[in-house]
Amino acid sequence: MTQRALDSSGEQTPGPSRPAMIDAGAELDPVHPMEPPPPPHRPDGLSTAEVAERVARGEVNDVPVRSSRSITEIVRANVLTRFNLIIGVLWVIMLFVAPIQDSLFGFVIVANTGIGIIQEWRAKKTLDSLAVIGEAKPTVRRDGVAAEISTSEIVLGDLVELGPGDKVVVDGTVAEADSLEIDESLLTGEADPVLKRAGDPVMSGSFVVAGGGAFTATKVGREAYAAQLAEEASRFTLVHSELRSGISTILKYVTWMMVPTAIGLIISQLVVKDNNFKDSVARTVGGIVPMIPEGLVLLTSVAFAIGVVRLGRKQCLVQELPAIEGLARVDVVCLDKTGTLTEGGMDVTEVRPLNGSDEAYVKEVLRTFGASDPRPNASLQAIIDAYPAGEEAAWTVTDAMPFSSARKYSGAAFTESDGTASAWLLGAPDVLLSEGDATLAEIEQLNEQGLRVLLLARVRGDGLDAPGAAAGAAPTALVVLEQRLRPDAGDTLAYFADQNVATKVISGDNAVSVGAVAGKLGLAGAENTLDARRLPTDPDEMATAMEQNAVFGRVTPQQKRDMVAALQSRGHTVAMTGDGVNDVLALKDADIGVSMGSGSEATRAVAQIVLLNNSFATLPSVVAEGRRVIGNITRVATLFLTKTVYSVLLAILVVCTQVEYPFLPRHLTLLATLTIGVPAFFLALAPNKERAQPHFVRRVMRYAIPSGVIAAAATFTTYLVARHHYTGEGALDAETSAATLTLFLVAMWVLAIIARPYTWWRIGLVAAMGLGFLIVLVVPWLQDFFALKLVGTTMPWTAVGIAVAAAALLEFVWRWVGRRFGA
């Protein structure tokens, strides 16, 4: 067991403890704050007994990370809404002054709110379970043994190991460093990695881009700098969404229209008209309730929640709900080749010695090179698989330089079996060779076949750290690797091409080689390749180059970020996929970041969508789900807002003409259920492959306003004609029935237009709603319940005739709007 350190007085110190509080008035660097003296390095980590002591003292990383809202928050968000409050007050009033059938709208709200709570609760369970699956587990060394544990199990003083792609999960002090480079861009915005040495601080929220090492945890739980940010970022969040912001804008305008109209209606029905008080109250409420498009908000939430559940079943973790909407709006997808188009593994197909090098000697160099890196990347792993080290290595590794995507090579120094010292570099040939080297032509031919080529070069000089080591290295051999293509990548690229989504392959590999791989998968324009080292730095020129080419090689992490920004400057909505550390900056800046589940912790942390099954083929499902949600919500929003428009206009017409409001709440509840509520639910969940279009509010209102105006005009015309036709006792009920018939038929025609293009179930849905209204008209007890009874034949047929004329006008207006403003 590791002995505890002794202080100068001979007393045992208990090991790392919580740092003392710092004076609040001191100015601190938020990323490199004042640190207490670094804790003593203990190579074996904490003992089991020490871990138990710290857990007992509460010195554990107990930040509660939740992927969704709590049950209490779900209930509160669905119940305590502005419109539920208005409807709740009106419902209570109606329960006192009118029959129960005039209070049905209140029960509908209760049911809808309940559905919203249940659906979001189901989505919460799916999200929570997927978040646990997708959670990365840091490697912690205890009792000299390294093991993966949950982030929440880390205790103060733990020794946490780091490798390329690992995220720093708690604050700490570097204890071991092997060319350790940390990227703190998520905290500071600075893209350049920081070289860390023993004793340097590391902050939670940063990640490793090169090298390896270990750090001692000095701050855990809520004391860690990024703990609050990490917790907030992992919660259920309503980030910017055009759909949600558009609906909020609509509701804001509806509220402004509703308040003065409702006041005028109340005055008109209760003061000006000398009718039965309870009947006046009922008709006033009947005019106010349909102005509220409360179901639109609920239906949007339900559609998003169901979308998340559907994607969850396909092992796709949506970390931010509107991300499925965002991906549906994407018109450019930037793909990282490795891990996206190709599988993680590679195979060595051949080794070609250069300049008379001995092949057996070269293979021994590669065998020892493979043993120099405890965390090999895919290329080095292929070499290890091809040339595994023996039980007793004849050569000894004396120094190592891990691969860095910035420099494009790695290095190792050996003591050979005869005692000779040598140093070697392994990496991109076009980086290690001079521009005019004849070997580049040979490499170009291999790249054109889609093969990946590494150059093994011997360093001339004192070692890896010698100035100009790479420039003066002697080429020794070419290592030819073949990448394993994902079997489903070709179909996915074809899907994006069919959907008019441009695909850009962005890779750190050779551009010609990447183009060959993309060509094998059928990518259109794969022959248009560009070496990113020749990419213009001017954003506008870069955007032009991005639009003209499909494949980019030798791209640096910072260039990936610049390329995304250049595309966005041209108005493109950009999605970026990737799984490596070099993709993090671009994923963070893209409109939608998509990470593979097997990718680094850093990429999963910044991505909005994580493909837990590591299948690029899941992306079409995400796009399709987003298009289904947006397209269908746009459709049904027209139904809801048509009702709002005609309700407001009818109220204004009633106030201006000083007549009784034609409807009781029960009539509009029936109409809303048959022409909006039930069909909207089915239409919102229907398949829809239409590409998402911008300007949600404009697209919805340009159809809803004329539809509502026509419906209100036709209905009020019927009502006025009926007022002149009917006289005596029961006239108001007959007038209401005639007006209800006209409004139902016009609203049904709006539904019939929105349900296009017709399928068997859409026709059946519209027919079923019409049949439902017909049943109400012919079944006596339903006639009495809903106070709907057509009197005579003249007025009902007049109502039908007015509705037919309105339907013809609707067809004309919808087609005119479609031609004038686009579909």
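These lines cover the structure that appears in this document, whether it is placed above or below. (Residues numbered from 1 in each chain as written. Predicted model: local features only at pLDDT ≥ 70, side-chain atom pairs only at ≥ 80, totals over all residues. Heavy atoms only, no water.)

A word on the pairing of strand S13 (residues 421–427)
With respect to burial, S13 is a largely interior element, 6 of its 7 residues being buried. Adjacent in sequence and paired antiparallel, strand S12 (residues 409–415) and S13 are bridged by 5 residues, among which Gly-419 carries a positive phi angle near 90°. (Buried < 20%, exposed > 50% of the residue type's maximum accessible area, 1.4 Å probe, protein only. Helix = DSSP H or I, 4+ residues; strand = E, 2+ residues; numbered from the N terminus. Pairing = 2+ DSSP bridges.)

Quick look at the pairing of strand S7 (residues 207–219)
The buried fraction of S7 amounts to 12 of the 13 residues, a majority that puts the element mostly inside the structure. Strand direction decides the pairing type here: strand S4 (residues 171–183) and S7, joined by 10 bridges, are antiparallel. When the sheet's bridge partners are listed, Glu-181 is paired in S7 with Ala-210.

Side note on the nonpolar core
Judged by nonpolar contacts, the single largest core of 119 residues is most densely connected at Leu-327, Ile-609, Phe-616 and Phe-773. In terms of residue count, the dominant contributor to this core is helix H21 (residues 619–657) (15 residues). Of all hydrophobic cores here, the second largest spans 24 residues; its members include Leu-567, Val-574, Met-576 and Ala-586. (Core = buried A, V, L, I, M, F, W, Y, C linked by side-chain atoms within 4.5 Å.)

What to know about helix H18 (residues 557–569)
Taking 1.5 Å as the rise per residue, H18 with 13 residues should run 18 Å; its terminal C-alpha atoms sit 19 Å apart, in good agreement. Buried within H18 we find Pro-557, Gln-559, Lys-560, Arg-561, Met-563, Val-564, Ala-566 and Leu-567. Buried residues belonging to H18 abut strand S9 (332–335), strand S16 (502–506), helix H17 (539–548), strand S18 (551–553), strand S19 (574–578) and helix H19 (584–589). Where H18 ends, the next residue or the one after it, Gly-571, has phi of about 85°, a positive value. (Expected span 1.5 Å × (residues − 1). Contact = heavy atoms within 4.5 Å.)

Comments concerning the environment of Leu-611
Mapping Leu-611 onto the fold places it in strand S21 (residues 609–611). In this structure, the C-alpha to C-alpha distance between Leu-611 and Leu-317, residues 294 residues apart in sequence, is 6.3 Å. In this structure, Leu-611 is in contact with Gln-315, Cys-316, Val-594, Ser-595, Met-596, Gly-597, Phe-616, Thr-618 and Leu-619, ignoring residues within four places of it in sequence.

A word on the side chain of Asp-373
Mapped onto the secondary structure, Asp-373 falls in the loop between helix H11 (359–371) and helix H12 (378–386). If we skip the residues at most four places from it in the chain, Asp-373 touches Leu-380 and Pro-402.

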